[in-house]
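Close look at the chain arrangement
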Amino acid sequence: MLGATQEQIIAIEKAKALGLRVITCDNRPDNPGHTLADESYDVSIADKEAVLSLARRLKVDGVMCYALEAGVEAAAYAQEKMGRPTPPYEAVRTLSDKQLFRSYLSSHGFATPKTYDSSLFTLDSSLIVKPTDMWGSRGVSMVERPEDLQQAIVEARQNSRSGNIILEEYIGGTSLQCDAFVVDGKLVSWLWSDVYYDDDCANPLIPVAGAFPSACAPDVIGKVNAEVQRLISLLRLTTTPLNIEVKVVDDKVYIMEMAPRNGGNQKSYLIELATGVDYITGAIKAAMGMDCSNITLRPADGYWLSYALHARNTTPSTSSVPSIPSIGESAIPSQTPPPPSSAFTGSSVLIIYNPHPGPFRSTRDTAGLIIQRFPDRKSLNEALAGHNINNRLYL
């Protein structure tokens, strides 16, 4: 298991529930997941050769990375070298590098944002500047004035492992995200969400909320799924979870990101609560070469909101985090998600990651997560609107 942060604990526990011996590795020995593992090792999850060497030495049966982009390439590399089931390493590498991904999409006829050379660029519309090899919105900026471009480039390069960045046009439209599952090359299960942002935080490009299922019309979701399936087939993906972000503009579908892993902020956990389909156990089984035929498409029971608690722009001495108005006594404060069978005695689950967040510049600045179920979309929308009123948690 590559990574042992708070986010990985649920996957570690599910792997142990399958009767598997779990070995964790990352370069943070104090990460909490290591205490739950049978063994743990101080190895960077981004170092594919070190991960492969450790996996061979320990003679493991599978390598996986749950909900962390940093270890996805290393997991695929080790699995492929050991002859274990995995999406093709070159496909994973393409999906992990934004420049390679944009080039691949363009060469295969997908809608893609225009990209620019920074030395030849003249600003005439909003521009996104981002590292090609970083995740969680780190180093990502929107530039609307020529005088801000160089600072955005500097920030993107500082957040890139390779120093490579990409400049591309800003795509508006409708934002959708989902966790999905592919079995034997076919998209068999998904739950799309509408994405919401907070203009009053340090980086307004970071999604702060998702409403499940999406309110988009079935024909729109069908068109999105058709483009995703076309990409799955071209990349020859086999059995794997997917975390996907798309933009829909008029009749165009832009696949902005697609990663062969479960999504962060407990998206797969929410989907299990909403539908009963367990993508986390599915991902573990996929890495082990076990049968995943029980992963199917099921509708959500109710309407669900995932909300990332985060600091908003305030005076330097005080950070304020919007909270869901109706959370009340029904919440279950926790550092790890409770089992789905016991989670919803009330209407909400509160998961605390970081009680002292800084400015919300990337997803690693998330203070915690609220997952809440609603009987109808109207109630969900009213709760979302309430985030911008007077409900705040001061840290």
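Please refer to the structure higher up on the page.
Overview of the structure. (Residues numbered from 1 in each chain as written. Predicted model: local features only at pLDDT ≥ 70, side-chain atom pairs only at ≥ 80, totals over all residues. Heavy atoms only, no water.)

Let's talk about the pairing of strand S12 (residues 303-309)
With six of seven residues buried, S12 is to be regarded as a mostly interior element. Pairing geometry for strand S9 (residues 207-212) and S12, over four bridges, is antiparallel. The residue of S12 that forms the bridge with alanine 209 is tyrosine 307. Sheet topology note: the S12/strand S16 (residues 368-374) ladder contains seven bridges and is antiparallel. Within S16, the residue paired with leucine 305 across the bridge is glutamine 372. (Buried < 20%, exposed > 50% of the residue type's maximum accessible area, 1.4 Å probe, protein only. Helix = DSSP H or I, 4+ residues; strand = E, 2+ residues; numbered from the N terminus. Pairing = 2+ DSSP bridges.)

Points about the pattern of salt bridges
Once the charged atoms of two side chains with opposite charge are near each other, the side chains can pair. This model, assessed by the stated rule, comprises 14 salt bridges. When the shortest N-O distance is used, the salt bridge between glutamate 90 and arginine 93 registers 3.6 Å. Linking glutamate 90 with arginine 93, this pair stays in helix H4 (residues 89-96), spanning three residues, or about one helical turn. Each of the salt bridges in this network shares a partner with another, and the network as a whole consists of Lys14, Glu272 and Asp278. (Salt bridge = Lys/Arg side-chain N within 4 Å of Asp/Glu carboxyl O.)

Focus on H4
Across the eight residues that make up H4, a large majority, six, are buried. Of the surrounding secondary structure, the elements contacted by the buried residues of H4 are helix H2 (48-58), helix H3 (72-81), helix H5 (98-107), helix H7 (218-235) and strand S11 (252-259). (Contact = heavy atoms within 4.5 Å.)

Some points on unusual backbone geometry
Looking along the chain, the bond that leaves phenylalanine 212 and enters proline 213 is cis, with omega of -15°. The phi angle at lysine 59 is positive, at roughly 55°, despite the residue not being glycine. Positionally, lysine 59 belongs in the loop between H2 and H3. Positive phi is not limited to glycine here, since aspartate 184 has a value of about 55°. Locating aspartate 184 in the fold gives a position in the loop between strand S7 (174-183) and strand S8 (186-197).

A closer look at the pairing of strand S6 (residues 165-169)
For S6, the buried fraction is high: five of the five residues fall into the buried class. In the sheet, strand S3 (residues 115-116) pairs with S6 via two bridges, with the strands oriented antiparallel. Counterpart to threonine 115 in the pairing with S6 is glutamate 168. By the bridge criterion, five bridges tie strand S4 (residues 127-131) to S6 in an arrangement that is antiparallel. Bridging from a neighbouring strand, leucine 127 pairs with glutamate 169 of S6.

Regarding the side chain of serine 268
Following the sequence through the fold, serine 268 ends up in helix H8 (residues 267-275). You can call serine 268 buried: its relative accessible area is 0%. A polar contact is formed between the side chain of serine 268 and the side chain of aspartate 179, at a distance of 2.6 Å. Those residues within four positions of serine 268 in sequence are excluded, and the remaining contacts are Tyr66, Asp179, Asn262, Tyr279 and Ile280. (Polar contact = N/O pair within 3.5 Å; in protein donor to acceptor, adjacent residues only side chain to side chain.)

Observations regarding the packing of aromatic side chains
Geometry of an aromatic ring pair is reported as the spacing of the ring centres plus the angle between the planes. This model, assessed by the stated rule, comprises two aromatic pairs. Here phenylalanine 181 and tyrosine 279 contribute two aromatic rings whose centre-to-centre distance is 5.7 Å and whose plane-to-plane angle is 45°, an arrangement assigned as tilted. Of the two residues, phenylalanine 181 sits in strand S7 while tyrosine 279 sits in helix H9 (residues 279-288), which places them 98 residues apart along the sequence. Owing to a relative accessible area of 0%, phenylalanine 181 belongs among the buried residues under this scheme. Looking at tyrosine 279, the relative accessible area reads 1%, which means it is buried. (Phe/Tyr/Trp six-rings, centres within 6.5 Å; stacked < 30°, edge-to-face > 60°.)

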